[in-house]
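The residues making up each chain are set out below.
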Amino acid sequence: MLQAASSAFVRRSSLLLALLFPMAGAFAKTELTLAHQLDAPTERELVELVSRFNSSSKDVEVRLVQRAPNGKPAVLNLATRADLAQYLGKPDAYVPVEKLLADNKIKFNPKTIADPLRNSVTVKGQVQALPVAFTTPLLFWNKDLFRESGLDPNKPPKTWEELQDISGKLKARCSYTTSWPVWVHIDNVSAWAGSPTVTNDGKLAFNSLIQVRHLARLTSWYKTEYFTSFGYKNEADAHFVNGECAMITTNGEMVAELQATDKFSYGVTSLPVIDDNAGAPFNTLASGGAIWVGQGFGANEYKAAAKFLEYALTPQTQLVIARQAGFLPLTPAAQAGAQSKLLRDDLKAQDLGLANVMKP
């Protein structure tokens, strides 16, 4: 009887402890919020990144939330290219990523991030955010539609003049289109031609002969149906991925959709150049999504945020982001992986995009 009473006491004690301290291990994780403003289709890759981190982390749990306009920054915040300037304009509202990692003794050399990507999020010599989802424009073409029109499927246009000639020969309903027309045809065509839209002293300069001639040509193409417009954002991507258009200029990240759908044979190359433009091509511009860390949180939350950023910086994570989402790899280790025999073909667009933004 004494043994039975003892066992009952142990069971009651265990039950009492379980009631008083339910699943102590479940409360060991520090919960972080990552705020964003992505729509459902573009949120997918972020969800997968967070899910992979949560599965691998024993003491940190990241929860995605929609960022309220003009609301207080969360611990982690994803700024897209459209609102990057807004974040850069309020550096005091955020903890510099470089400082956060140093304070939490996480090894990080900011110079390992490719210069054009790092410079886009640097204020007063310090890296403010982690540019995890940066991209740059490229030209994609549908090889099947080229074949159907009697054109060489392995010979894309190298100049805008060649693109015009090819557009006139294509039998496709949509010969050429573009996503992000301002980003592609103003910002990047200008930089690619060596005539950037912002001078060294910060003044706007987009009325040079380069821009005037190029926009005049684009207007004439629209009137003659050599060029089809679908909108001011990335609406044209879906029309190309569905096989409607023969050529498109858009951000390199679209390659992830093309690989996922696998509807037709396609090629990817650099933006065309203006054939009488001396010295061209120069460089394209990189921009995109970056992770910012909000001010006003506790040491435990910042320690957890540093662990998430450390995870995002690993070569393995960088390659997954590059391969599955089409973004530019950040670090030399990830760049070397992208150029390996195993991944070289899958990451051709990302490798080409990085080479273009790295041009002097």
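Residues numbered from 1 in each chain as written. Predicted model: local features only at pLDDT ≥ 70, side-chain atom pairs only at ≥ 80, totals over all residues. Heavy atoms only, no water.

## So, the nonpolar core
Most often, soluble globular proteins have nonpolar side chains that are buried together. By size, the foremost hydrophobic cluster in this structure holds 53 residues, and its most contacted members are Leu117 and Phe308. Here this core gets nine residues from one element, more than from any other, and that element is helix H12 (residues 299–313). Sequence-distant contacts of Phe308, defined by excluding residues within four places in its chain, comprise Leu34, Leu49, Val50, Phe53, Val62, Leu76 and Ile291. Membership of the second largest hydrophobic core comes to 20 residues, among which are Trp160, Leu163, Trp221 and Met247. (Core = buried A, V, L, I, M, F, W, Y, C linked by side-chain atoms within 4.5 Å. Buried < 20%, exposed > 50% of the residue type's maximum accessible area, 1.4 Å probe, protein only. Helix = DSSP H or I, 4+ residues; strand = E, 2+ residues; numbered from the N terminus. Contact = heavy atoms within 4.5 Å.)

## Remarks on the sheet that holds strand E11 (residues 245–251)
Reading across the sheet, the five strands line up as E10-E9-E11-E8-E12 and stay open at both edges, with mixed pairing between neighbours. Each having just a single partner strand, strand E10 (227–228) and strand E12 (266–269) make up the two edges of the open sheet. One ladder, built from four bridges, connects strand E8 (residues 137–142) with E12; its direction is antiparallel. Its bridge partner lying in E12, Phe140 is registered against Val268. In the packing of helix H8 (residues 181–192) onto the sheet, the strands contacted are E8, strand E9 (174–178) and E11, and the crossing angle to E9 comes to about 80 degrees. (Pairing = 2+ DSSP bridges. Axes fitted to C-alpha atoms, helices over the stretch in contact; angles between N-to-C directions.)

## Examining the side chain of Thr250
Residue placement: Thr250 occurs in strand E11. Of note is the side chain of Thr250, whose polar atom sits 2.8 Å from the side chain of Asp237. Excluding residues within four positions of it along the chain, Thr250 makes contact with Thr136, Pro137, Leu138, Phe140, Ser179, Trp180 and Asp237. (Polar contact = N/O pair within 3.5 Å; in protein donor to acceptor, adjacent residues only side chain to side chain.)

## So, the packing of helix H7 (residues 160–169) against helix H9 (residues 209–224)
The contact between H7 and H9 brings their axes to 12 Å, and the two run at 5 degrees. One element, H7, and the other, H9, form an angle in the roughly parallel class. Taken together, the residues of H9 that come into contact with H7 (itself represented by Trp160, Glu161, Leu163 and Gln164) are His214, Arg217 and Trp221. When the residues that make up the contact of H7 with H9 are grouped by side-chain class, the tally is three nonpolar, two polar and two charged. (Parallel < 35°, antiparallel > 145°, perpendicular 65-115°, else oblique. Nonpolar A, V, L, I, M, F, W, Y, C, P; charged D, E, K, R; others polar.)

## Some thoughts on the confidence of the model for the protein
With 89% of its residues at a pLDDT of at least 70, the protein reaches an overall mean of 87. Confidence drops under a pLDDT of 50 for residues 1–6, and excluding neighbours within four residues, the segment shows zero contacts in the predicted structure. Per-residue pLDDT stays below 50 along residues 14–21; that stretch engages in one contact with residues further than four places along the chain or on separate chains. (pLDDT = per-residue confidence, 0-100.)

## Some points on the packing of aromatic side chains
Using the criterion set out here, one finds 13 aromatic pairs in the structure. Pairing Tyr94 with Trp292 gives two aromatic rings, centres 5.3 Å apart and planes at 65 degrees, and the pair type is edge-to-face. Residue Tyr94 is located in strand E4 (residues 94–95), and its partner Trp292 is located in strand E13 (residues 287–294); the two are separated by 198 residues in the primary sequence. Here Tyr94 falls in the buried class, since its relative accessible area comes to 8%. Site record: aromatic cluster; members linked through ring pairs are Trp160, Tyr176, Trp221, Tyr222 and Phe227. Sitting above the plane of the Phe297 ring, Lys72 keeps its charged end 5.1 Å from the centroid. The ring of Trp180 has Arg81 sitting right over it, with the charged end atom 4.7 Å from the ring centre. (Phe/Tyr/Trp six-rings, centres within 6.5 Å; stacked < 30°, edge-to-face > 60°. Lys NZ or Arg CZ within 6 Å of the ring centre and 35° of its normal.)

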